[in-house]
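# Topology and contacts: notes
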Amino acid sequence: MVQQCDLNDFEGLCRLDSTGMMGALEGLPAQCTVAVGDICDCVELPAIEAISNIVVTGLGGSAIGGDLLRVYTAGKISVPVTVNRDYVLPEFVGPDTLVFAVSYSGNTEETLSAYEEARARGASVIAITTGGKLAGMAARDGVPLVKIPAGCAPRAATGYLFIPTLVILQRLGLLPDLTGEITAMAGFIKELQNKIGPESPEEENVSKQIAHKLYKKIPVVWGVTGTTEVVAQRWKGQINENAKAPAYWNVFPELNHNEIVGLEYPPEILKKIHVVILRDEQEHPRVQKRIEITKGIIKDALDGVTEVWSSGDGDLARLFSLIYTGDYASLYLAALYGIDPGPVKIIDYLKWELAKE
Ligand code: PA5
C-alpha cells in the first residue's frame, strides 16, 4: 500500500525520490547557463552551406527540445524547423538540411537510424548526447558532437538538450545572439524556483496546488498553437513519466473544432477530468475569446478548469516559466501518489525487449 506524501514535508519528498529528480530540476537554470557557454564553446562547426530547413530528430525527453526550438524560433528564423520522432526522416531531408540528432543516452534506436539516414542523404548533422552509440558514430563520421553531462533522466536535462540547438543556430548565423535572453531566462526561473520548489509551502506554491487539483483526476492540458503548445505536450509527458499517470493534451484553436464536442459522454468519467489551460500574453485576441467561451461550455461537465499564466520577460522566460511550473507539479503529483518519480521501468523494459534481437 503506497503512502501519500505531505507536500510540505520536504524530507518525505526527498525520501520518495530515489534518483534525485527534485535536485535535477533545481539544476535546470544552471544547465541553461552552462549550455550557453562551456558545452557549446568547444564544438567545432564545419562551414555549412545554405540551409533550407532544420530537422531535430529524437524521442521523448530528447525530442521536446526540438519542439521548443520549433515554437520559439517560429517568428525568428527564415527556414522551417521540423521535429522527427521516427526511424526514418521526411522525404525533403537532403544536402540543404541541418539535422540535430538528439539522444540523451545516445542509444535510442530510432534516433540512431535517423542519424544514419541523414548522413546517407548528405545532410549536415550535429549530434547532441551524453555518449553511447551516437557519440561513437559521430566520432567515426567526423560529425560535430555536443557532449552534454550524463547522470540524470533525459526529461530532467532539457537545458542541456535544448539550449545547444539555439547556440549552434546562432553560431551558424541563422539566429541573432541570444546569450542575454538565455541568461535572463535562467535567472528568472532560478527565482521562480523559490516559489514553486519543494521548500516553498503549499499555501504559496502554485505547483503544489496544481498537483492537488490533478490528484486522482485525469489531467487534460490545453495550450495554444504557436505559444504554449509545446508546454502542453511537456506537461503531459512529465505527468506520464514522473507521476505514472495518464494525461492528454491538445491546442486551441484546433480543439474547438472537435474535442469540445466530445465532452458529453460518459458523464461519470468526464467528472474525473481536470482541464489545465496554459495561458500566455501573446495569444491571438480571437483565441482569447475562444478560451473564454470554451470555459463556459465545459464548466459543468468536468471536474474543473485551472488556468496557469506564463510569467517573465521575453518568449523564452515565459515558455520556461510554464515548463518549470508543470515539471514541479508532476513531481508533487508523484508524491501524492506516494511513488518514486525517477524510474521509468516500462520504457526500460520496452527498450530491453527490443534489444534482444
Ligand atoms: O524520459 C525518458 O526517459 C524517455 O522519454 C527518453 O528520453 C526516450 O526514451 C529517448 O531516450 P534518449 O533520451 O536517451 O534518447
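Residues numbered from 1 in each chain as written. Predicted model: local features only at pLDDT ≥ 70, side-chain atom pairs only at ≥ 80, totals over all residues. Heavy atoms only, no water.

## Brief notes about the packing of helix H6 (residues 109-120) against helix H7 (residues 132-141)
Selection rule: Here an axis means a line fitted to C-alpha atoms, over the contact stretch when the element is a helix, while the angle between two N-to-C directions is reported on a 0 to 180 degree scale. Each helix corresponds to a stretch of at least 4 residues labelled H or I by DSSP, and each strand to a stretch of at least 2 residues labelled E; elements are numbered beginning at the N terminus. For classification, angles of less than 35 degrees are called roughly parallel, those exceeding 145 degrees roughly antiparallel, those between 65 and 115 degrees roughly perpendicular, and all remaining angles oblique. Whether a crossing is left-handed or right-handed is set by the direction in which the near helix is turned from the far one by less than a right angle, anticlockwise for left-handed and clockwise for right-handed. Throughout, a contact is declared for two residues whenever any of their heavy atoms are within 4.5 Å. Charged residues are taken to be Asp, Glu, Lys and Arg, nonpolar residues to be Ala, Val, Leu, Ile, Met, Phe, Trp, Tyr, Cys and Pro, and polar residues to be all remaining types, Gly included.
Running from amino to carboxyl end, H6 crosses H7 at an angle of 15°, the nearest separation of the two axes being 10 Å. Between H6 and H7, the angle falls in the class roughly parallel. In the crossing of H6 with H7, the sense of the turn from one axis to the other is right-handed. Packed against H6, whose contacting residues are Leu 112, Tyr 115, Glu 116 and Arg 119, the element H7 presents Lys 133, Leu 134, Met 137, Ala 138, Arg 140 and Asp 141 at the interface. For the contact of H6 with H7, the per-class residue count stands at five nonpolar, no polar and five charged.

## Some thoughts on the packing of helix H5 (residues 64-73) against helix H11 (residues 229-243)
As a packed pair, H5 and H11 sit with axes 9 Å apart at the nearest point and diverge in direction by 165°. When the interaxial angle is binned, H5 and H11 end up roughly antiparallel. Regarding H5 and H11, the two cross each other, and that crossing is left-handed. Counting all contacts with H5, which are made through Ile 64, Asp 67, Leu 68, Arg 70 and Val 71, the residues of H11 involved are Glu 229, Val 230, Gln 233 and Arg 234. Here the contact of H5 with H11 is composed, by residue class, of four nonpolar, one polar and four charged.

## Looking at the sheet that holds strand S3 (residues 97-103)
Note the cut-off: When DSSP locates at least two bridges between a pair of strands, those strands are taken to pair.
Taken in spatial order, the five strands of this open sheet run S2-S1-S3-S4-S5, and their pairing is parallel. Looking at strand neighbours, the two that pair on one side only are strand S2 (81-84) and strand S5 (145-147), the edges of this open sheet. Along the sheet, successive strands turn relative to each other by an average axial angle of 15°, direction set aside. The pairing of strand S1 (residues 53-57) with S3 spans five bridges and is parallel. Looking across to S3, one finds that Val 55 is bridged to Val 99. Along the sheet, H5 makes contact with S1 and S2, crossing S2 at roughly 160°.

## So, the sheet that holds strand S7 (residues 248-252)
Taken in spatial order, the four strands make up an open sheet running S7-S6-S8-S9, and their pairing is parallel. At either margin of the open sheet sits one strand with a lone partner, and together these are S7 and strand S9 (304-309). Going from strand to strand, the sheet's axes swing by 25° on average, the running direction of each strand aside. With six bridges joining them, strand S8 (residues 273-279) and S9 adopt parallel strand pairing. Bridge pairing links Leu 278 to Val 308 in S9. In the packing of helix H10 (residues 206-214) onto the sheet, contacts are made with strand S6 (218-224), S8 and S9, and the angle to S8 comes to roughly 150°. Across the sheet, H11 is in contact with S6, S7, S8 and S9; its angle to S7 comes to roughly 170°.

## Considering H10
The α-helix advances 3.6 residues per turn, and as a result positions three or four apart in sequence lie on the same side. Cut-off, in case you're wondering: Three exposure classes are used, based on accessible area relative to the maximum for each residue type with a 1.4 Å probe and protein chains only: buried under 20%, partly exposed in between, and exposed over 50%. To obtain the arc, one takes the directions from the helix axis to the C-beta atoms.
The complete set of buried residues in H10 reads Ser 207, Lys 208, Ile 210, Ala 211 and Leu 214. When H10 is viewed along its axis, its buried side chains cluster within an angular range of 160° and face the same direction. In this structure, the buried side of H10 is in contact with helix H9 (179-196), S6, H11, S8, S9 and helix H14 (315-336). Looking one or two residues past H10, Lys 216 carries a phi angle of roughly 60°, positive in sign.

## Some thoughts on the pairing of strand S4 (residues 124-129)
The criterion, for reference: Here, the term right-handed applies to a crossover whose path from the first strand over the helix to the second runs clockwise when the strands point away from the viewer.
Burial runs high along S4: five of the six residues are buried. Here S3 runs beside S4; their pairing, made up of six bridges, is parallel. The residue of S4 that forms the bridge with Phe 100 is Ile 126. As for the winding sense of the linkage, the β-α-β connection from S3 through H6 to S4 is right-handed. For S4 and S5, the ladder comprises three bridges, and the chain directions are parallel. When the sheet's bridge partners are listed, Ile 128 is paired in S5 with Val 146. The parallel pair S4 and S5, bridged by H7, forms a crossover whose chirality is right-handed.

## Regarding the environment of His 284
By the element assignment, His 284 lies in the loop between S8 and helix H13 (285-298). Distance in space between the C-alpha atoms of His 284 and Thr 227 is 9.7 Å, their sequence separation being 57 residues.

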